[in-house]
Amino acid sequence: MKPELSIILPVRNEEKAIASCIKKIKKVLKDNYISAEIIVSDSSSDSSPEIAKKLKVKLIKHDKEGYGNAYLSAFPHALGKYIFMADADGTYDFSEIPRFLKELKKGNDFVIGDRFKGSMEKNSMPLHHKYLGNPILSFILRFLFRAKINDVHCGMRAVKKSSLEKLNLRTTGMEFASEMIIQAIKHKLKIKELPINYSRRIGESKLKSFADGWRHLRFMLLYSPLFLFLLPGAILSILGLLTLIIFYSTNPLILGRQFYVHPIFASSLILIIGYQLMIFALFAKSYALVHLGERSKLIESLHKSITIEKVALPSLFLIIIGLAIFISTLIKWVSSGFGELNEVKSSVLALTLIILGLQTFFSSFMLSILGIKHKD
């Protein structure tokens, strides 16, 4: 008979805490008449796996470093309809298991704890995590993905197995915690947050504050190309285009100083960088659409309309105009007897147009490559 609930504990050198955690879980299950299995997903070099074997729980020995790896190795072995997740370091109160299970049975797809709204034992969380790291990263995730979750890095979670299978989770490190929430939001899962208590850990922490924090931030930005690429790219493109027009057509007086040729180089650079960032945004969204199963009506329509054939003509138009300006400048130079020629602005404009044309043309090939779907 299959268990109703699978409890997964990611374990890496937790010999001081694992026994008490497993015993507490077994007591909670017995007292609440819950049919469940306990899975220890282990990558330890200490006696943690031997302790797990003695306590007769399901042991998955994968020996892969990383928080995400621990869960990804265990998920295929979970038999329960529901999955409960928590660290085996003594920080979480396993008496919360029935409450999490109850919320899933009510119809929620994903339940996560909120340590900040519960009781937090003194020194259970480093001050820089409590007042800087967690609040800032949680705010960024809420802002980027419109999440209504206060504590996005809480390790106590529960999810319906049928809902988990939709998420296609991939990351192997600490960013797995953020990926699960982001994917849950993107797949429109019904999410519930519960206040929980949090205690001081038993044994040494495996967290690397800066490195793990950066992994979370990097992952969120990569999953939000609108803020990473599109908005900065659009701002730089508009700024570069406007200043290019101004410095090409006039020699403006700014703060009492006359500007002539040199600012147009900066304008050209800003425009090219901005345009490339916007193309990167399109690459990222196209990849997510084709290979990660995301949905976006705008990107889908753009992906269908931006073909190599359709892009070739405007790209060629920009390149021809740029070459025409260069040729015109060359003719003037020859006509003047190869003398002094003041055509720097025209040369910068021509170079900019050619680069933009080439960027557009070859980017259409890249989009076509990203649009190739692989057979399962």
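These lines cover the structure that appears in this document, whether it is placed above or below. (Residues numbered from 1 in each chain as written. Predicted model: local features only at pLDDT ≥ 70, side-chain atom pairs only at ≥ 80, totals over all residues. Heavy atoms only, no water.)

**Structural notes on the overall build of the protein**
Along the protein, the regular secondary structure elements total 13 helices and 9 strands. Along the three orthogonal principal directions, the C-alpha set of the protein runs to about 95 × 50 × 40 Å. Among the 376 residues that make up the protein, the fraction classed as buried is 45%. When contacts within the protein are restricted to residue pairs at least 6 apart in sequence, those whose partners lie at least 24 apart make up 76%. Accessible area of the protein: about 20,500 Å², with a carbon and sulfur share of 63%. In the protein, 51 positive and 31 negative side-chain charges are present, and the distance between their average locations comes to 5 Å. (Helix = DSSP H or I, 4+ residues; strand = E, 2+ residues; numbered from the N terminus. Buried < 20%, exposed > 50% of the residue type's maximum accessible area, 1.4 Å probe, protein only. Contact = heavy atoms within 4.5 Å. Areas by Shrake-Rupley, 256 points an atom, 1.4 Å probe, with all protein chains shown as cover. Lys, Arg positive; Asp, Glu negative; His and termini not counted. Charge placed at Lys NZ, Arg CZ, Asp CG, Glu CD.)

**Things to note about the pattern of salt bridges**
The tally for this structure, following the rule as stated, stands at 11 salt bridges. As a salt-bridge pair, Glu-96 and Arg-99 come within 2.8 Å of each other at their nearest N and O atoms. Ionic contacts of the salt-bridge type, sharing partners, join the residues Glu-14, Asp-89 and Arg-201 into one network. (Salt bridge = Lys/Arg side-chain N within 4 Å of Asp/Glu carboxyl O.)

**Comments concerning the state of the cysteines**
Here the structure, examined in full by the defined rule, presents 0 disulfides. A disulfide-free cysteine, Cys-154 has its sulfur positioned 14 Å from the sulfur of Cys-21, the nearest such atom. (Disulfide = S-S within 2.5 Å.)

**Considerations on helix α5 (residues 127-145)**
Under the 1.5 Å per step criterion, the end-to-end length of α5 is 26 Å for 19 residues, consistent within 8% with the ideal 27 Å. The principal kink in α5, of about 30°, is found at Gly-133, preceding the proline Pro-135 by one to four residues. Every buried residue of α5 is listed here: His-129, Asn-134, Leu-137, Ser-138, Leu-141, Leu-144 and Phe-145. On its buried side, α5 packs onto α7 (176-186), α8 (209-222) and α9 (225-249). The positive-phi residue at the C-terminal boundary of α5 is Arg-146, with phi of around 55°. (Expected span 1.5 Å × (residues − 1). Bend = angle between axes of the 7 residues up to and from the residue.)

**Comments concerning the pairing of strand β6 (residues 157-160)**
Of the two faces of β6, the one holding Arg-157 and Val-159 and the one holding Ala-158 and Lys-160 are both buried throughout. Here strand β4 (residues 82-85) pairs with β6 via 4 bridges, running antiparallel. Across the sheet, residue Ile-83 finds its bridge partner in β6, namely Val-159. Taken together, the 3 bridges between strand β5 (residues 110-114) and β6 define a ladder with antiparallel strand orientation. Counterpart to Phe-110 in the pairing with β6 is Val-159. (Pairing = 2+ DSSP bridges.)

**With respect to the sheet that holds strand β2 (residues 36-42)**
Strand order in the open sheet formed by 7 strands is β3-β2-β1-β4-β6-β5-β7, and the pairing between neighbours is mixed. Of all the strands in the sheet, just β3 (58-61) and β7 (191-195) have a single pairing partner and so form its edges. On average, each strand axis in the sheet is tilted by 20° relative to the strand beside it, whichever way the strands run. Inspection of the sheet shows strand β1 (residues 5-11) paired to β4 by 4 bridges, in the parallel sense. Bridge pairing in β4 places Ile-8 opposite Met-85. Strands in contact with helix α3 (residues 67-74) are β1, β2, β3 and β4; relative to β1, the strand with the most contacts, it is inclined by about 145°. Lying on the sheet, helix α4 (residues 97-105) is in contact with β1, β4, β5, β6 and β7; it crosses β5 at an angle near 140°. (Axes fitted to C-alpha atoms, helices over the stretch in contact; angles between N-to-C directions.)

**Some points on the nonpolar core**
Counting 69 residues, the largest nonpolar core has Leu-9, Phe-75, Phe-84, Ile-97 and Met-180 as its most contacted members. With near-sequence residues (within four places) excluded, Phe-84 lies in contact with Leu-5, Ser-6, Ile-7, Ile-8, Phe-94, Ile-97, Phe-100, Met-156, Arg-157 and Ala-158. Judged by nonpolar contacts, the second largest core, of 11 residues, contains Leu-244, Phe-247, Ile-264 and Leu-353. (Core = buried A, V, L, I, M, F, W, Y, C linked by side-chain atoms within 4.5 Å.)

**Looking at unusual backbone geometry**
For Arg-146, which is not glycine, the phi torsion reads 55° and is therefore positive. Its place among the elements puts Arg-146 in the loop between α5 and β6. Even without glycine at this site, Asn-168 takes up a positive phi of about 55°. Looking at the secondary structure, you find Asn-168 in the loop between α6 (161-167) and α7.

**Some thoughts on the pairing of β5**
Look at any regular strand and the pattern is simple: side chains alternate between the two faces of the sheet. Most of β5 is tucked away: 5 of the 5 residues are buried. Burial of β5 is two-sided: the residues Phe-110, Ile-112 and Asp-114 facing one way and the residues Val-111 and Gly-113 facing the other way are all buried. Pairing of β5 with β7, which is carried by 5 bridges, proceeds in the parallel orientation. Counted as the bridge partner of Asp-114 is Pro-195 from β7.

**Here's the deal with the environment of Ala-17**
With respect to the secondary-structure elements, Ala-17 resides in the loop between β1 and α1 (18-31). Owing to a relative accessible area of 0%, Ala-17 belongs among the buried residues under this scheme. Taking C-alpha positions, Ala-17 is 6.5 Å from Ala-88, a pair spaced 71 residues apart along the chain. In this structure Ala-17 touches Ala-88, Asp-89, Gly-90 and Ile-202, once residues within four positions along its chain are discounted.

**A look at the environment of Val-40**
Here Val-40 lies in strand β2. Overall, the relative accessible area of 0% leaves Val-40 in the buried class. Here the alpha-carbon distance between Val-40 and Glu-4, two residues 36 residues apart in the chain, equals 17 Å. Every residue in contact with Val-40, bar those within four places of it in the chain, is listed here: Leu-9, Val-11, Ile-18, Ile-22, Ala-52, Val-57, Lys-58, Leu-59 and Ile-60.

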